[in-house]
Structures are given as C-alpha cells and as structure tokens.
Amino acid sequence: MSKRRIKKVAIIGSGIMGSGIACHFANIGVDVLLLDIVPRELNDKEKAKGLTLEDKAVRNRLVNDALTASLKSKPSPIYNQKFASRITTGNIDDDLPKIKDVDWVMEVVVERLDIKQSVFEKVEKYRTPGTIISTNTSGIPIKFMNEGRSEDFRKHFAVTHFFNPPRYLKLFEVVPGPDCNQEVTDFLMDYGSKYLGKTSVLAKDTPAFIGNRIGIFGIQSLFHQVKELGLTVEEVDKLTGPVIGRPKSATFRTVDVVGLDTLVHVANGIHKNCPNDEAHSLFELPDFINTMMENKWLGSKTKQGFYKKTVNAEGRKEILTLDLDTMEYRASKRAKFATLELTKTIDKPIDRFKVLVGGKDKAGEFYRKNFAAMFAYVQNRIPEISDELYKIDDAMKAGFGWENGPFEIWDAVGVEKGIELMKADGKEPAAWVTEMVAKGETSFYTVKNGATYFYDVPSKAQTKKPGQDSFIILDNIRKSKEVFKNSGVVVEDLGDGILNVEFQSKMNTIGGDVLAGLNKAIDLAEKSYDGLVVGNQAANFSVGANIGMIFMMAVEQEYDELNAAIRMFQNTMMRMRYSSIPTISAPHGMALGGGCELSLHSDKVVAAAETYMGLVEFGVGVIPGGGGSKEMALRASDTFRKGDVQLNILQEYFLTIGMAKVSTSAHEAFDLGLLQKGKDVVVVNKDRQIAEAKKHALLMAEAGYTQPGERNDVLVLGKQALGAFMVATDSMQASKFISEHDQQIANKLAYVMAGGDLSEPTKVSEQYLLDLEREAFLSLCTERKTLERIQHMLKKGKPLRN
C-alpha cells in the first residue's frame, strides 16, 4: 500500500470553524480549497455595482467574507498572513468537482443532520475513491451521517473534531465510523499529532465525545453549585482560574468568550441523548441561564453575558458583573479567600490541590464539592466514552486548557482522599476504582524509566501510555537524569551524549544563578558530552533577564557590579555561540528580551510554532544588553548584498528593537530577523520539541561540529547610519510621536548599531559592538526616567522582561 500524503484538502463550510481549520492547514503548508454555499440574493453593495447572482464575486461572497473576517480576527488564526495565499476559495455549486484532486475532504457545515447528509451526497459524486472524508461534528452520531453512502465512503469516513480556535486549542478528537478502515484511523491519529501539532485522542461515538462531555459537565456542575454555595461570578472565576492550572478566563469569562448559546446547545444535546447518565439532571439549565438566553445575554458576541463592558459617568471603561440573584449588573467585586492565600508560595498548581481541599473556608468547601463531583463523574465514564483514563485527561488538557486532567488531580489529592470526598458528598467509588485500591494500587499514574504509565482498567495493571516514544517529558526524567542543579537551572542527560539545561526560576527569568548554570552546562557538555539543548516545558521559555536585580544595582549606584553582571550575560551568550559543542535553543511561548538573546546566540533554534519572540527592552527604558543589539547589527551586515541600499536593511533591524516588535508566531520571527531561514526550524507540536532539538544536536555533532571563531568582519555604517537615525528620531520627537526619553534610548541604540560615529563604513569585531552595547546599556541605567519605568513595572507586578 502506498504511503498516504496530504498535499491538498477541501474544507466545506467557511464559518468560524471552517475558516479557522482552513487557516491551520495553510499554517502547516497544505493547499486548501475552501467552499461554501452561493448567496440567494444580492446585498446593497452588489446592487450598487450592477452585479448579478451569476457574477463570481457574488457567488463566492459568503466564503470570501468569512475568510477575510477570520484573517482579521484576534488572536490570528494564521502563523503568517502570507500563508493565506495557500487557501483558494470557491462555492459548492461551481467548484465541488475540484475535490477530485484533494487528499482529504472535511465537512464543517451547520450542525443539522439533513444538511450534512445533503453535503455528503454531493461530495460522493466527485470524491476520488480512497480519499479521506471527515466531519467536524460535535455530536451527531456517525451511523446517521453514513446512511446511504457507498462502501468506499464509509471505509474512509470519520469524525475529526477540532476545538475552537483550531490554531490554539490542541485537542483533535478522532472518532472512526463503524466501517472505517484501521489504516485511516491510525493515519488521522498520527497526522493530528505530527503535522497539525495536536493532542490526538481516539474517542467513541458517544454524545459530545470526550472533551465536551466532561467539560460541559464541569461547567454545568458549577452552574448548579454557584447558588447552593452562595458564590458570586467573580468568586467562581477566582477559584477556577490559574490557581488550579486553568486559563485566566476561568469559567464564566470562558462562557462569555465561547458564547452561552454554544454551551447551551451542547448541554441540551447531552441531556437529550444521555437519558441514563447518572448526572442527567445536572445538564438541565438553571433558571438564571434560561433568563440569560431569553435576554440574549450570550457573552462577547452580544456585548454582555456574565460580564458587561460599559463606560461610566467619568468616561472610563468599566466591567460590570451579573448578580445571579437579582439578575442585574453591578460593579465588580474583588474575590479573596484565606485558602488561596495558603497556596501563594506553591509554584505548581498540581502541588496546591491537597491544600485547597483542606481549606476551612467557603473556598475549601467549594473545592471539596467540585472535585468530588468531577471524580465521581469521570470514573463512571469508563468504559462508556473511553476505555483508558488517560484519554479523558488528555482531552481536558488539550481542549479546555487545563494544566492537569481530572485523574491527575485525583492523584494529587490522593486516591483514598478522593474517595473520601466523594462519599462525603453522597457519591460512591466505581467498582473498578474500589478494585484498583484493593489491589494495592495507590495512583492512576506512575513513572518508570522516564515513561508515563497509567492504570488500565481492562487489564487491571499499570500500562505504558502509548505515543510517548517521540516525546521527551522533562518531568519524568528530571530526578533520575539530573547531572547538575543550582537554584536557577537543572541540567539533565537526555541520552546519546546530549544534555539539556532547564530554567527553574520564576517565569524562567535569567539572573546570575541561571547564567552560572548555563556556563556549567557548557563546561559539562564540552568535557564529556556531544551537544547541549536549552529547553523547558513550562508555559514560557523565558520572559527575559531579571531586571529587578539590575534596578537594585542601579538605585544603589553599584555600577562596577552592574557592569560585571552585564558583561557576564554577554560572555555567556557568546559562549552559547562559540563553544566546542553544538548548542540548540528550544523557545516556546514567550521568548522575550534575554530569552530572545539566548536564542539569537544558539547554533540552531528549534522553535515551537507558538513562539512569541522579541527584543522588548525599550519598554523598560534600556536597549538589549545581552548581545541582542550587537547581534541585530551583525545580522543586518550579513544581509547586505551588492547593490542594496544598506541603510534601509539596517533600519529594518533597528526598528525590530526600537519598536519592541514581538512575533505572533515562530514563522513571523523569520520576518523580524529573529530566526534565520535555512538554519532555524519550527516544530508544530510543542510536545515533540525537546526530542526534535536533541535530534538536531546529534545531527550537528555527528556531522563533525567544529568550534567557530569570533567574528571580526561585521560591516557597520558609522556616521552615515547614525546621522540618518538621529534625524529620524529628532523628527519623531518634534512631532510628539515619541518622548524625549524614548528619543534618548533610540539614539543610544542607533550609536551601537551604526558602530559608533566612524567616518566611513568599517568592518569591526563582535567584541567592539558588545563593548558599545554594554556602555549604552549602563548609561541608560543611570537615567531617572529609566529607573522610574522599571519601578512602575515592579509596583504593577508585571513580568520584568529584558
């Protein structure tokens, strides 16, 4: 059998989901044919232009308008706007025959069986046999959609359920039809993980599948608990947000963003189609939800839901909150609980759960009831919606942004303690849980030899979780593979001669301990190993240098110490570039300031697609001081070509720093000059990133990596560039586009990137530029305005990025 390749897909239905899915396929380099229906009548603009229903612009209006709206939406569905050229639009009446040339046809139309059946009937006329055909339905049974279709259609038909927004939410539920070939199922699972960057979860054809079945239960359970426990909307969102490893939008803000009508639609579907669910009554809508639906208080789409944005009498924007007792909006109230105060010193949410369920206040009562209900519900969904418990956890983490799934939370609380909470709430453990405990099993998960094992209910034994062989999970190897540790880093042996240095500081900021750890890791690698990866699996790679430390030195006027600290940062970055072993950085999430500089100086960057990278030092009143200013001047020099206007090229790199530009994806970082084509690579699935970085380190080592020599051929433009930049900043300041302080910072950066006030273009060394950079950084640190900016950020509690 020939290997299946996906070069082109057809997406039928261009609504929010259809356009979003189309954009994500374009993100990974696949050509997309996006189709929708033909409008039934002309709009006013079309009438004014004298168009008819036969004009192509009219016939493709719905699909073009939908795609345009999607591409303008925030957050963007596409890694780089240029990728939109991979999407061709059309309409079902004229362009459906083109699906004969695609490798995968996906239906993403409205959730009505009759409409879906009509689409599939048309698709079958033109689809090439053997082509995958799938639906993004969130709950219509496959047997009904399959009805009347050919054997080949049924053999290649499955549900491929994306979560909205498709670029950002990682869950990809695959539900094979009853006649679906195993080869097709296996292909979709692998494709979702490897190419789409998703967590592929094989689900059963049950109402709402796995993610929505559990997620909607959790929200409905809260809807019913909120009044019972006398909690406000703000209090619930405080209790169900980041403190327990959930998104900042928590519960009610999430419902506002998704749309209350969407949630109600799924909840009603579960209530209707799961009459034997032991929690059936929980899927009935409380009175306050029915009132909101009647009032069309659906959330963001109707400008009001559980929260409402208004402008008060003073003209200031204000967010009001719905009082669930009076059903009137009121000023927001700050939520505070003693139990939450006890968790402030506990960094990881997984370590907080024992404290939370032991709370003596209303928060403790809430967590005990909430977790008891969740534990009872998920245990009873096995084997109904899944035979394996890890799939439930994977679905909740990938689809709802939970840091830990229900069974992982139960493990954190303690299996016996979880049973105790359930019994206190009038719920009994499932027979398989009782049997598991009786066998002496004390947890749902264990780690052996760096791999995760789960309790498999059918075999009644701990079984290795499938699909991990292409991953390296640092949590699983940190203790057993530790080579070195200090307060800032852990250095782990990834095997095959490759080390990894993992930051352990708050938000992975880079201070003296991290720099010392990086140097130690390079020492160890140069002595006894073949390569070094700098990577972690926290939410962000690094938000930059610890500028609070720099602030203290500047305030105390400890300029010698500050000079030494900046020099150490620069020297460490240069060691990353000029060591005897290949160095690979693996940025993801935020890679800002010093975190960006570290990546700039690595031999290779293996970036996660969702990497937001930038040199943002201007925001705190300084220039990049860890080699970033030098490196952008060097990269501009390397880009100069004969016949180019060199000043224009240098200006682009200057503006990347001067405007504190941050990429909205790793692909956009190439356009900003922060990543380099032909050298750096992008990984769509963050879970595979460390393993991919290790592979690249090995490849470079095996190819005979040789320590490079420091550069002394960086072409700087001197007074030519310096004068032009200073005229521009003077003009901007005179026009009030920038402040005098901003102008001062920009002029310092101009001086560095121009190579000083040299009389003519000159080739200089990296060290020459580093010395200029350090001098400029230090001089700015003495400025009152800079110190005021840093102090303001410290008071606000914002991440200190440099």
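Keep in mind it's a predicted model, so treat the numbers as computed, not measured.

## Here we look at the pattern of salt bridges
And then number 1: As enumerated under the stated definition, the model contains 51 salt bridges in all.
And then number 2: Linking lysine 100 and aspartate 101 is a salt bridge whose minimum nitrogen-to-oxygen distance equals 3.2 Å.
And then number 3: Residues arginine 711 and aspartate 713 are paired through a salt bridge, measuring 2.6 Å at the closest nitrogen-oxygen approach.
And then number 4: Here the salt bridges do not stand alone but share partners, grouping Arg213, Asp277, Glu278, Arg381 and Glu384 into one network.

## What about the nonpolar core?
The nonpolar side chains of a soluble globular protein tend to be buried, and buried together.
And then number 1: Among the nonpolar cores identified, the biggest contains 110 residues, and Phe306, Tyr367, Phe407 and Trp432 are the most heavily contacted of them.
And then number 2: Per-element tally for this core: the top contributor is helix α17 (residues 362-379), with 11 residues.
And then number 3: Every residue in contact with tryptophan 432, bar those within four places of it in the chain, is listed here: Gln379, Ile382, Leu389, Phe407, Phe444, Tyr455 and Val457.
And then number 4: By size, the runner-up hydrophobic cluster in this structure holds 81 residues, among which are Leu518, Leu524, Phe569 and Leu650.

## Focus: the packing of aromatic side chains
And then number 1: A full pass over the atoms with the stated rule returns 34 aromatic pairs.
And then number 2: For the ring pair tyrosine 191 and tyrosine 195, a centre distance of 4.8 Å and an interplane angle of 25° mean the geometry is stacked.
And then number 3: For tyrosine 191, a relative accessible area of 3% gives the class buried.
And then number 4: Ring geometry for phenylalanine 371 and phenylalanine 375: centres 6.0 Å apart, planes at 10°, overall stacked. A residue pair is termed a helical-turn pair when its members lie 3 or 4 positions apart in one helix, as phenylalanine 371 and phenylalanine 375 do in helix α17 at 4 residues. Residue phenylalanine 371 shares its accessibility class with phenylalanine 375, and that shared class is buried.

## A look at unusual backbone geometry
And then number 1: For the bond from lysine 74 to proline 75, the omega torsion is 0°, close enough to zero to count as cis.
And then number 2: Tracing the sequence through the fold places proline 75 in the loop between α4 (61-72) and β3 (87-91).
And then number 3: With a phi angle near 55°, phenylalanine 209 is a residue other than glycine that sits in the positive phi range.
And then number 4: Within the secondary structure layout, phenylalanine 209 lies in the loop between β8 (199-202) and α10 (211-228).

## Observations regarding the sheet that holds strand β14 (residues 461-464)
And then number 1: In space, the 3 strands of this open sheet follow the order β12-β13-β14, with antiparallel pairing throughout. At either end of the open sheet lies a strand with only one pairing partner, and these are β12 (445-448) and β14. Direction aside, neighbouring strands of the sheet carry axes that sit 40° apart on average.

## Observations concerning the pairing of strand β11 (residues 328-331)
Successive residues of a regular strand alternate their side chains across the two faces of the sheet.
And then number 1: In this sheet, β11 lies alongside strand β10 (residues 317-323) in antiparallel orientation, the contact comprising 4 bridges. Each bridged residue has a counterpart across the sheet, and for aspartate 323 the counterpart in β11 is glutamate 328.
And then number 2: Between β10 and β11, which pair antiparallel one after the other, the connecting turn spans 4 residues, and methionine 327 there sits at a positive phi close to 60°.

## Some thoughts on the pairing of strand β18 (residues 531-535)
And then number 1: A large share of β18 lies buried, amounting to 5 of its 5 residues.
And then number 2: Pairing of strand β17 (residues 498-503) with β18, which is carried by 4 bridges, proceeds in the parallel orientation. When the sheet's bridge partners are listed, valine 501 is paired in β18 with valine 534.
And then number 3: Regarding the hand of the β-α-β motif, the stretch spanning β17, helix α23 (residues 512-528) and β18 is right-handed.
And then number 4: Examined bridge by bridge, β18 and strand β19 (residues 583-586) share 4 bridges and lie parallel to one another. Residue pairing across strands places leucine 532 opposite threonine 583, the latter belonging to β19.

## Quick notes on helix α28 (residues 646-658)
An α-helix turns once per 3.6 residues; consequently, residues spaced three or four apart project the same way.
And then number 1: Taking 1.5 Å of rise per residue, the 13 residues of α28 would be expected to cover 18 Å, and the 18 Å separating its terminal C-alpha atoms lies within 8% of that figure.
And then number 2: Among all positions in α28, only Leu647, Ile649, Leu650, Tyr653, Phe654, Thr656 and Ile657 are buried.
And then number 3: In this fold, the buried residues of α28 make contact with α27 (628-639), α31 (719-734) and α32 (740-753).
And then number 4: Among the residues trailing α28, alanine 660 stands out with phi positive, at a value near 50°.

Cut-offs used in this document
Residues numbered from 1 in each chain as written. Predicted model: local features only at pLDDT ≥ 70, side-chain atom pairs only at ≥ 80, totals over all residues. Heavy atoms only, no water. Salt bridge = Lys/Arg side-chain N within 4 Å of Asp/Glu carboxyl O. Core = buried A, V, L, I, M, F, W, Y, C linked by side-chain atoms within 4.5 Å. Buried < 20%, exposed > 50% of the residue type's maximum accessible area, 1.4 Å probe, protein only. Helix = DSSP H or I, 4+ residues; strand = E, 2+ residues; numbered from the N terminus. Contact = heavy atoms within 4.5 Å. Phe/Tyr/Trp six-rings, centres within 6.5 Å; stacked < 30°, edge-to-face > 60°. Pairing = 2+ DSSP bridges. Axes fitted to C-alpha atoms, helices over the stretch in contact; angles between N-to-C directions. Right-handed = clockwise from strand over helix to strand, strands pointing away. Expected span 1.5 Å × (residues − 1).

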